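What follows is the residue order along each chain.
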Amino acid sequence: MHSLHRYIKSNIQDDLKQKMVFIGGPRQVGKTTLAQSLLVQGDPDSPAYLNWDDIKSKKLIKSGELPADEKIIILDEIHKYKNWRNLIKGFYDKKKSKHQFIVTGSARLDYYRKGGDSLLGRYHYYRLHPYSAIEVGCQNQSDIQNLLKFGGFPEPFHKSSETFLKRWQNERHQKIIFEDIRELENVREISLMDDLFDLIQPTVGSVLSCQSISQQMEVNIKSIQKWIDIFDRLYLTYRIKPFVSGNLRLVKKTERIYLWDWSYLKNEGARFENFVASHLLKYCHFIEDTEGDKMELRYLKDLDGREIDFVILKNKKPFFCVECKVGERSISPNIHYFRDRLSIPYYYQVHLGQKHFQPENNVEVIPFLKFCKKLGIP
């Protein structure tokens, strides 16, 4: 099994000295491998690793029988236990002088609180993302194309086999839809949620219309909205809101939806846009989780249809904009339009070609890999 030094490893090691560390992220993104790499021997069979899905581990966790000789204790998928937060609170308050705790889960651990957050002030939360261009050491266009094609999840990326990718996606999808959702959510219409995920994919990069989907599926719109919320919580999808400014007539309510695994997408333009969105979200989450600044990924569109794919906000102020173009093209006229009317410091137009130039002080046309290196996207 291939493994890379994951981008948040050193931050987690520092934080463990003071608090527990929670690691959330999509199923099979590498949370367990990362957590086990922090053990003294990096041993995947270590008694320090306790998985709620394992019967023996479950008994030890519920009885409070933690391995006494292990400095770091890993509790995996424990959010599936209804009283998980109070249980961990007890572990931490009684044993923090002896043990450091890592809690991992393939769902939004900040959501599954089952009431108030009894652990407030006792942990730092990290969101582990799929591999990005810098993390896997992309050097050229061919490397980027490989990451685009096979996605950023460790197994299919390292295998680089289309057959393996398809089989892996099918198996992972079945586990999330037909196992994880059943365990965590009160949903009966699982097969309809499966259909919904298929219908969402062609909408990536455009406005998400729950009304249109509900009509296609002949399902109540509130159910559609509820199911997409569940997809978000289980790291299948994420949504971004529009950027709103009082200076212009901008779209204010409609959201856009993207996938954590961009390799699902067949359309080249949609896949690249999702690829860029995922890198930008990783950038935002990394800064939030390590530095504490409030970061937001949004898009920009006015009521006349002019738009820019992404706006990054830092502490509620626009930081920079990003427009995606698969090929090398001249500057989008929308960049000039919004630049002249909004106080946004910088505009990037990223692409998969080679050209790199700066026609104005605050506008740059830049190859995607150079853009990642310039920003320091982990």
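Structural data are supplied above this passage.
Residues numbered from 1 in each chain as written. Predicted model: local features only at pLDDT ≥ 70, side-chain atom pairs only at ≥ 80, totals over all residues. Heavy atoms only, no water.

Q: Pulling in residues and values, what's your account of the pairing of strand S12 (residues 357–360)?
A: Pairing analysis gives two bridges linking S12 to strand S13 (residues 363–367), with the strands arranged antiparallel. The partner of Phe-357 across the bridge, within S13, is Val-365. Counted along the chain from S12 to the antiparallel partner S13, the turn is two residues long. (Pairing = 2+ DSSP bridges. Helix = DSSP H or I, 4+ residues; strand = E, 2+ residues; numbered from the N terminus.)

Q: Any details on the packing of helix H8 (residues 190–200) against helix H9 (residues 210–217)? Residues and values, ideally.
A: As a packed pair, H8 and H9 sit with axes 11 Å apart at the nearest point and diverge in direction by 125°. Viewed along their axes, H8 and H9 adopt a mutual orientation that is oblique. The way H8 lies across H9 gives a crossing that is right-handed. Of the residues in H9, those touching H8 at Leu-192, Asp-195, Leu-196 and Leu-199 are Ile-213, Gln-216 and Met-217. (Axes fitted to C-alpha atoms, helices over the stretch in contact; angles between N-to-C directions. Parallel < 35°, antiparallel > 145°, perpendicular 65-115°, else oblique. Left-handed = near helix turned anticlockwise from the far one by under 90°. Contact = heavy atoms within 4.5 Å.)

Q: Break down the packing of aromatic side chains for me, citing the residues and quoting the values.
A: What the rule picks out here adds up to 24 aromatic pairs. Residues Tyr-7 and Phe-286 carry aromatic rings whose centres are separated by 5.9 Å and whose planes lie at 55° to one another, so their mutual orientation is tilted. Residue Tyr-7 is found in the segment before helix H1 (9–15), and its partner Phe-286 is found in helix H11 (residues 268–291); the two are separated by 279 residues along the sequence. Accessibility expressed as a relative area gives 13% for Tyr-7, which makes it buried. Summarising the aromatic geometry, the rings of Phe-197 and Tyr-264 are spaced 5.3 Å apart at their centres and angled 80° between planes, so their arrangement reads as edge-to-face. Of the two residues, Phe-197 is situated in helix H8 and Tyr-264 in the loop between strand S7 (256–259) and H11; the sequence distance between them amounts to 67 residues. (Phe/Tyr/Trp six-rings, centres within 6.5 Å; stacked < 30°, edge-to-face > 60°. Buried < 20%, exposed > 50% of the residue type's maximum accessible area, 1.4 Å probe, protein only.)

Q: Explain empty space enclosed by the protein to me, and be specific about the residues and the numbers.
A: On inspection of all chains with the given rule, the structure shows one cavity of 30 Å³ or more. One number sums up the size of the largest cavity: a volume of about 30 Å³. Considering only residue class, the lining of the largest cavity consists of three nonpolar, four polar and one charged. (1 Å grid on protein atoms, 1.4 Å probe; cavity = no way out; pocket = protein on both sides within 12 Å on 5 of 7 lines; lining within 4 Å. Points joined across faces, edges and corners; volume = space filled by probe spheres on them. Nonpolar A, V, L, I, M, F, W, Y, C, P; charged D, E, K, R; others polar.)

Q: Provide a residue-level description of the state of the cysteines, including the pertinent values.
A: A full pass over the atoms with the stated rule returns zero disulfides. The cysteine Cys-324 is free of any disulfide, with Cys-372 supplying the nearest cysteine sulfur at 11 Å. For the unlinked cysteine Cys-372, the closest cysteine sulfur is that of Cys-138, found at 8.4 Å. Of the residues examined, Cys-372 reaches a relative accessible area of 1% and is grouped as buried. (Disulfide = S-S within 2.5 Å.)

Q: Lay out the sheet that holds strand S5 (residues 123–127) with the relevant residues and their values.
A: Taken in spatial order, the five strands of this open sheet run S2-S3-S4-S1-S5, and their pairing is parallel. Looking at strand neighbours, the two that pair on one side only are strand S2 (49–51) and S5, the edges of this open sheet. For this sheet, the mean inter-axis angle between neighbouring strands, taken without regard to orientation, is 20°. Here four bridges tie strand S1 (residues 20–24) to strand S4 (residues 100–105), and the two strands are oriented parallel to one another. Residue pairing in the sheet places Phe-22 in a bridge with Val-103 of S4. Along the sheet, helix H3 (residues 55–63) makes contact with S2 and strand S3 (72–76), crossing S2 at roughly 100°. Of the strands in this sheet, S1, S3, S4 and S5 touch helix H4 (residues 84–95), which is tilted by about 165° from S4.

Q: Summarise the nonpolar core; cite the residues concerned and give the values.
A: Counting 92 residues, the largest nonpolar core has Leu-75, Phe-310, Phe-320, Val-350 and Phe-371 as its most contacted members. It is H11 that provides the largest number of residues to this core, a total of nine residues. Ignoring anything within four residues of it in the chain, the contact list for Leu-75 reads Leu-50, Ile-61, Ile-88, Phe-91, Phe-101, Ile-102, Val-103 and Thr-104. Ile-8, Val-21, Ile-102 and Tyr-126 belong to the second largest nonpolar core, which has 22 residues in total. (Core = buried A, V, L, I, M, F, W, Y, C linked by side-chain atoms within 4.5 Å.)

Q: A description of the layout of surface pockets should follow, citing residues and the corresponding values.
A: Of the pockets and cavities examined, the largest pocket occupies roughly 840 Å³. What lines the largest pocket is a set of 25 residues, and nearest its centre among them are Arg-108, Arg-127, Arg-239, Leu-281 and His-285. When residues of the lining of the largest pocket are traced back to their parent elements, those giving at least two are S5, helix H10 (221–233), strand S6 (237–242), H11 and strand S8 (295–301). Partitioning the lining of the largest pocket into residue classes produces nine nonpolar, two polar and 14 charged.

Purely geometric stuff here, so don't read any function into it on its own.
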